Amino acid sequence: MRTPVPVEFQAQDTYHELEMTTIYSAKKIITMNPARPVVSHVAVRDGRILGAGTLSELVGFGEYSLDERFEDKILMPGLIEGHSHAVEGKWWRFVYCGFHDRMDPHGKIWSGLQTMDDVIARMQEKEKTLDDPTQALTGWAIDPIYYSDKKITRQMLDCISSTRPIGIIHASAHTMSVNTKALELSDFMRAGIEHVGVPLGDDGMPTGELKGPDVYFSVAQEAGFDGNMLEFDESGLIDFSRLCVRNGVTTATDLAAQLSDDIVDVGIRVTNETDFPVRIFSFRFHIGLTPQELIEQVKSLKLRSTDRFRLGKIKVIADGSIQGFTARLNWPGYYNGAPNGLWYIAPEQMLAIYEMALEAELQIHTHTNGDEATDLALDTLEAALKKHPSNNHRFTIQHGQLINAAQYRRMAKLDMCVNHFANHHFYWGDEHYRLTVGPERAERMNACRTALDNGIPLAIHSDAPITPLSPLFTAWCAVNRLTHSGRTQGEYEKITVEEALYAITIGAAYTLNIDDEVGSIEAGKQADFAVLHEDPTAVPAMQLKDIGVWGTIQGGRVFAASDI
Amino acid sequence: MQAVTPVTIIGGYLGCGKTTLVNHLLRNANGARLAVLVNDFGELPIDADLIEAQDGDVISLSGGCVCCSFGDDLSRSLKTLRALDSLPDHIFIEASGVALPGAIGNSLSLLRGYQLEGVVVLVDATSVQAASVQKYIGDTIDRQLNDADLLVLNKMDLLNDSQAIELRQWICEYYAHAPLVEAVYSKIDPAILLNIKTGRNSRDASNQADYTHDISSMYSSISLRMDQQVDVPILAERLSDKGCGLVRAKGFVMDYDNSIKTIQVVGRRWSVTNAPAGVETGLVCIATSSELTEEKLRSFCNIEVTKQDAAKLQCGYFD
Ligand SMILES: [Zn+2]
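Residues numbered from 1 in each chain as written. Chains lettered and ligands numbered in written order. Predicted model: local features only at pLDDT ≥ 70, side-chain atom pairs only at ≥ 80, totals over all residues. Heavy atoms only, no water.

Residues and elements named next belong to chain B. Topologically, Gln264 is positioned in strand 12 (residues 260–266). Taking relative accessible area as the criterion, Gln264 reaches 7% and is therefore assigned buried. The spacing of Gln264 and Pro6 is 258 residues in sequence and 9.7 Å in space, taken between C-alpha atoms. Excluding residues that lie within four positions of it along the chain, Gln264 makes contacts with Glu117, Asn195, Arg248, Ala249, Lys250, Arg269, Trp270 and Ser271. Only 3.0 Å separates the side chain of Gln264 from the side chain of Glu117, close enough to count as a polar contact. Within the local environment of Gln264, its side chain forms a polar contact with the side chain of Arg248, the two groups lying 2.7 Å apart. (Helix = DSSP H or I, 4+ residues; strand = E, 2+ residues; numbered from the N terminus. Buried < 20%, exposed > 50% of the residue type's maximum accessible area, 1.4 Å probe, protein only. Contact = heavy atoms within 4.5 Å. Polar contact = N/O pair within 3.5 Å; in protein donor to acceptor, adjacent residues only side chain to side chain.)

A word on the coordination of the zinc ion. Residues and elements named next belong to chain A. In the first shell of the zinc ion, the protein supplies His83 (NE2), His85 (NE2) and Asp463 (OD), at 2.1 Å from the metal. Donor residues for the zinc ion, ordered by position in the chain, follow H-x1-H-x377-D. One end of the pair, His85, is in the loop between strand 6 (79–81) and helix 3 (88–91); the other, Asp463, is in the loop between strand 20 (458–460) and helix 17 (471–480), and 378 residues separate them in sequence. (Donors = N, O, S within 2.8 Å, 3.2 Å for Na, K, Ca; no water.)

Turning our attention to the interface of chain A and chain B. Each partner contributes residues to the interface: chain A has 34 residues there, and chain B has 26 residues. Counting each side, the surface lost to burial between chain A and chain B is near 2400 Å², with a carbon and sulfur contribution of 52%. Area buried by chain A at its contact with chain B is led by Arg190, Phe217 and Trp343 of chain A, which between them contribute 19% of it. Across the contact surface, chain A and chain B share three salt bridges. A salt bridge links Arg112 of chain B to Asp187 of chain A; the nearest nitrogen and oxygen atoms lie 2.8 Å apart. When residues of the side of chain A that touches chain B are traced back to their parent elements, those giving at least two are helix 7 (213–222), helix 10 (291–304), helix 11 (347–360) and helix 12 (371–387) of chain A. When its residues are assigned to classes, the side of chain A that touches chain B shows 13 nonpolar, 11 polar and 10 charged. (Buried area = accessible area lost by both parts, 1.4 Å probe. Salt bridge = Lys/Arg side-chain N within 4 Å of Asp/Glu carboxyl O. Nonpolar A, V, L, I, M, F, W, Y, C, P; charged D, E, K, R; others polar.)

Our focus in this paragraph is helix 1 (residues 18–27) of chain B. Three or four residues apart is the spacing at which side chains of an α-helix point the same way, because the helix has 3.6 residues per turn. Most of helix 1 of chain B sits out of view: seven of its 10 residues are buried. Burial in helix 1 of chain B covers these residues: Lys18, Leu21, Val22, Asn23, His24, Leu25 and Leu26 of chain B.

Next up on the list: the pairing of strand 2 (residues 34–38) of chain B. All names here are of chain B. Taken across its five residues, strand 2 has five buried, putting it largely inside the fold. As defined by bridge partners, strand 2 adjoins strand 6 (residues 90–94) across five bridges and the pair is classed as parallel. Of the residues in strand 6, the one forming a bridge with Ala35 is Ile91. Alignment of strand 2 against strand 5 (residues 66–69), held across four bridges, turns out to be parallel. Within the sheet, the bridge partner assigned to Val36 lies in strand 5 and is Cys67. (Pairing = 2+ DSSP bridges.)

We now examine the packing of aromatic side chains. Residues and elements named next belong to chain A. Taken as a whole and judged by the stated rule, the model has 24 aromatic pairs over all chains. A ring pair is formed by Tyr24 and Phe70, whose centres lie 5.8 Å apart and whose planes are at 35°; its orientation type is tilted. Taken as a pair, Tyr24 in strand 1 (residues 21–30) and Phe70 in the loop between strand 4 (65–67) and strand 5 (74–77) lie far apart in primary sequence, 46 residues in all. Residue Tyr24 is classed as buried on the basis of its relative accessible area of 4%. On the basis of relative accessible area, Phe70 is assigned to the buried category, the value being 0%. Three or more aromatic residues link up through ring pairs in this structure, and these residues are Trp91, Trp92, Phe94, Tyr96, Trp140 and Phe225. (Phe/Tyr/Trp six-rings, centres within 6.5 Å; stacked < 30°, edge-to-face > 60°.)

All names here are of chain A. Tallied over the full model, the rule gives 43 salt bridges over all chains. A salt bridge links Arg102 to Glu88, with the nearest nitrogen and oxygen atoms 3.0 Å apart. Of this pair, Arg102 sits in strand 8 (residues 102–103) while Glu88 sits in helix 3, placing them 14 residues apart in sequence. An identical accessibility class is assigned to Arg102 and Glu88; each is buried. Ionic pairing is found between Glu431 and Arg434, a salt bridge with its closest N-O pair at 3.0 Å. One end of the pair is Glu431 and the other is Arg434, both in helix 14 (residues 423–436) and three residues apart, which spans about a single turn. Glu431 sits in the buried class, given a relative accessible area of 15%. Here Arg434 falls in the exposed class, since its relative accessible area comes to 52%. The network of salt bridges with shared partners includes Arg279, Asp307, Arg310, Glu517 and Asp528.

Looking now at the environment of Thr288 of chain B. Residue and element names in this part refer to chain B. Its place among the elements puts Thr288 in the loop between strand 14 (282–287) and helix 10 (294–300). Taking relative accessible area as the criterion, Thr288 reaches 31% and is therefore assigned partly exposed. Sequence separation of Thr288 and Ile137 is 151 residues, and the distance between their C-alpha atoms is 30 Å. Other than its neighbours up to four places away in sequence, Thr288 contacts Leu180, Val181, Met218, Tyr219, Gly245 and Val247.

Let's shift gears to the confidence of the model for chain B. Residues and elements named next belong to chain B. When pLDDT is averaged across chain B, the result is 82; 85% of the residues are at 70 or more. Low confidence marks residues 198–214, where pLDDT is under 50. Its contacts with residues over four positions away, or in another chain, come to 39 contacts. Under a pLDDT of 50 for its full length, residues 305–319 has, in the predicted model, 34 contacts with residues more than four places off or in other chains. Taken over the whole predicted complex, pTM reads 0.90, whereas the ipTM for its chain interfaces reads 0.86. (pLDDT = per-residue confidence, 0-100.)

With that settled, the discussion passes to a nonpolar patch on the surface. All names here are of chain A. Residues Val59, Tyr64 and Leu66 make up a contiguous nonpolar surface patch of roughly 210 Å² in combined accessible area. Inspection of the secondary structure assignment puts Leu66 in strand 4. Residue Leu66 is classed as partly exposed on the basis of its relative accessible area, which comes to 35%. (Patch = residues over 30% accessible without salt bridge, like charges linked within 9 Å, V, L, I, M, F, W, Y side chains within 5 Å. Areas by Shrake-Rupley, 256 points an atom, 1.4 Å probe, with all protein chains shown as cover.)

Let us now look at the nonpolar core. Residues and elements named next belong to chain B. Ile93 and Leu145 are the most contacted members of the largest nonpolar core, which totals 180 residues. Leaving out residues up to four positions away in the same chain, Leu145 has contacts with Val121, Val123, Val128, Leu151, Trp170, Ile171, Tyr175 and His177. By size, the runner-up hydrophobic cluster in this structure holds 32 residues, among which are Cys16, Leu150, Val152 and Val247. (Core = buried A, V, L, I, M, F, W, Y, C linked by side-chain atoms within 4.5 Å.)

Turning our attention to the sheet that holds strand 19 (residues 417–420) of chain A. Residue and element names in this part refer to chain A. Overall, parallel pairing links the eight strands, which are arranged 6-14-15-16-17-18-19-20 in an open sheet. Each having just a single partner strand, strand 6 and strand 20 make up the two edges of the open sheet. Direction aside, neighbouring strands of the sheet carry axes that sit 25° apart on average. Here helix 10 sits on the sheet in contact with strand 15 (279–285) and strand 16 (309–317), set at roughly 160° to strand 16. (Axes fitted to C-alpha atoms, helices over the stretch in contact; angles between N-to-C directions.)

Below, the discussion takes up the side chain of Asn446 of chain A. All names here are of chain A. With respect to the element layout, Asn446 can be found in the loop between helix 15 (438–443) and helix 16 (448–453). Here the side chain of Asn446 touches Phe421 through a polar contact of 2.8 Å, landing on its backbone nitrogen. Contacts of Asn446, omitting those with residues within four sequence positions, involve His399, Gln401, His420, Phe421, Ala422, His424, His425 and Arg481.

Our next topic: the sheet that holds strand 12 (residues 175–178) of chain A. Residue and element names in this part refer to chain A. One open sheet accounts for five strands, arranged 7-10-11-12-13; its pairing is mixed. Two strands bound the open sheet, and with one partner strand each, they are strand 7 (95–96) and strand 13 (209–211). Pairing of strand 12 with strand 13, which is carried by three bridges, proceeds in the antiparallel orientation. Bridge pairing links Thr175 to Lys211 in strand 13. Sheet strands touched by helix 4 (residues 116–128): strand 7, strand 10 (137–142) and strand 11 (166–170). Its angle to strand 10, the strand with the most contacts, is close to 150°.

Okay, structure coming up:
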């Protein structure tokens, strides 16, 4: 912040040399500020927005240089990904085996693999480049529900190599497929294994499909998933930031981190580089600490927070996932009759964490998938607020995929926010309809319309690397609610394009408690912009996801996707 | 071939006394080197006077014992244990309050070199009935109790007589699958979970049960000579049958092929493995009822009493 200096002491020209003003013109600037929704120019000084308006309005700020390179582009507030994991950058070192096309950090589009043979072929290509015949070969994002036989066996992967361990983690991250060598190295290649997560073939040996992280963890190590599968590293964080620029994102979350001292050092150092293009919010998750330890750690983390590496927020994980049948559902439970899921926290622990966080003024985002888990979070916050009233806590439900109308009404009373997993409809909506929760509840999963109608501050997310980081694609999902098979699932819960754009800008900013800093283009905020080739409010809603991203401006620094 | 390390899982909801039980076992390890794996180091799970040093995820304890935290990756911390100078004699996994201990046992079955000896689930006698119908955690507690090979009804001193009777009836009605021991401050006979010596020197085991008087009177131990050949799995299964009245049996017996096998019984779970070389046959059994006699045990398990055995009867009791 600059302190005003009396005019007579100002050396006018020096003053301007120190703090250059750049005025950007654009074809259209969508501000997300309802008082001035569209402007033609935005003035930037010292990384912040001086003002948004016409050129003649902005020249009043004094000397400036006019930057017209975005003359034919659309500017929006920098997009905000409110639920992602920076580890995606690291996963791109593995072979992409997804069914859908996906862009890597360097802008290469990896075509989706339409058959299992395509998967094998791509893995074989990579195999040829490896010299050491025992080196692991690792893939990610495979989704066998799209393939006719739906099963991937170790024998299929043995065709790629029998001398090196091979592992491919599935798109949902619940399952891993491995070859015989990987099973041998981890001592799974034997008869007599009895475990629901390890299906056996006719020969009594594991088929190579390993279900559940507790099952595949030890094999994953052999198959090249070194270290912590959820933790970024230096070059991975840089690659993650490249993905952000390519998708117009200037603020992103790393939503489940352990945040050891070493990792915090890496995060601060890397994001502090002058050319690091994103603001990262890294949340400490609750697992492995007592409530007291968690609060103490996060309090001290908060003190280490920097502009681009924000610390001091907590992620609580209440239950598991719906497609893994580990989410906690209220009656009538799973459509296919599967038993109710698992708690990842005891109600007493959640209450202790909520109470202490409210007292210490720390914000919590709580992962719930099932509606019973949401009930617990609501009950717990209601109780905690009685003890430690707060009028600005911004506690947020993350995913909240099965939140129903009554729960939103309660959330409104409790001043809660939600960040819905809009991408889920597209990738797994058909599965939810057919198998996990059945048609009625599948149609109201991630019920963005009802959330907004109840006045709940809304964000929407990708949960990258589970689905691709791309807020415009996420907006497309929330607006169109199409499943992969092409059905509209939940017509009633659709939101408008304008509402979706709110959810990926100011809505997401609100859930991170930085709506005073970012999320709209108006005087005083950070100069964070997404630079787009087309106008998302002008293209047909079905084309939202196809809008090209030129790059970003973050804190006044320009990042072109083409040279990131 | 690696040595097989016995593993016992200690489960139960928050506040049921798992940590107290772990400390009780560490204090009565009697030379056995125990490793304790906990979900987290929260609220330091180990009494301060037992701790010698802490190095990252590993806490060194007196008597060569260690404590490791495993977060959500059990297999990794078991690897950490394997990397230590010498393998522990026995591993105890203290499950988190919402964990399903049976699922941990299942994951363990995937790793070679470990033998699941039993799933012990502690029950807070003062609150379990109310908690079992609580909206959020009722079914979790139900699943935990159903996972138990051995149930420990803890905090019994806080119940009056009629409450205790009612609780026993309730357990009997819903959770009759597993043998039951009652406890105060988690103080069960350590020999129920720790490996007690068997064979001719079985009387040594009685020294290990040297803690509080009032508790030891709740148990009776029976030491059996086992000079005859038996069908080992059938015997192990009989010993683990609730009708047998045992909470624990361990020993070495001779199979029909003359090989010596180790029998381990914790509650309703039994296992049979090849015995180490040079052991002498014999079984030590612990019951919670003083009415159990060697004759009853032998007849339930179909073990004929030989003349030699009969001569040893008089020294078959610990208490
Ligand atoms: Zn996530």
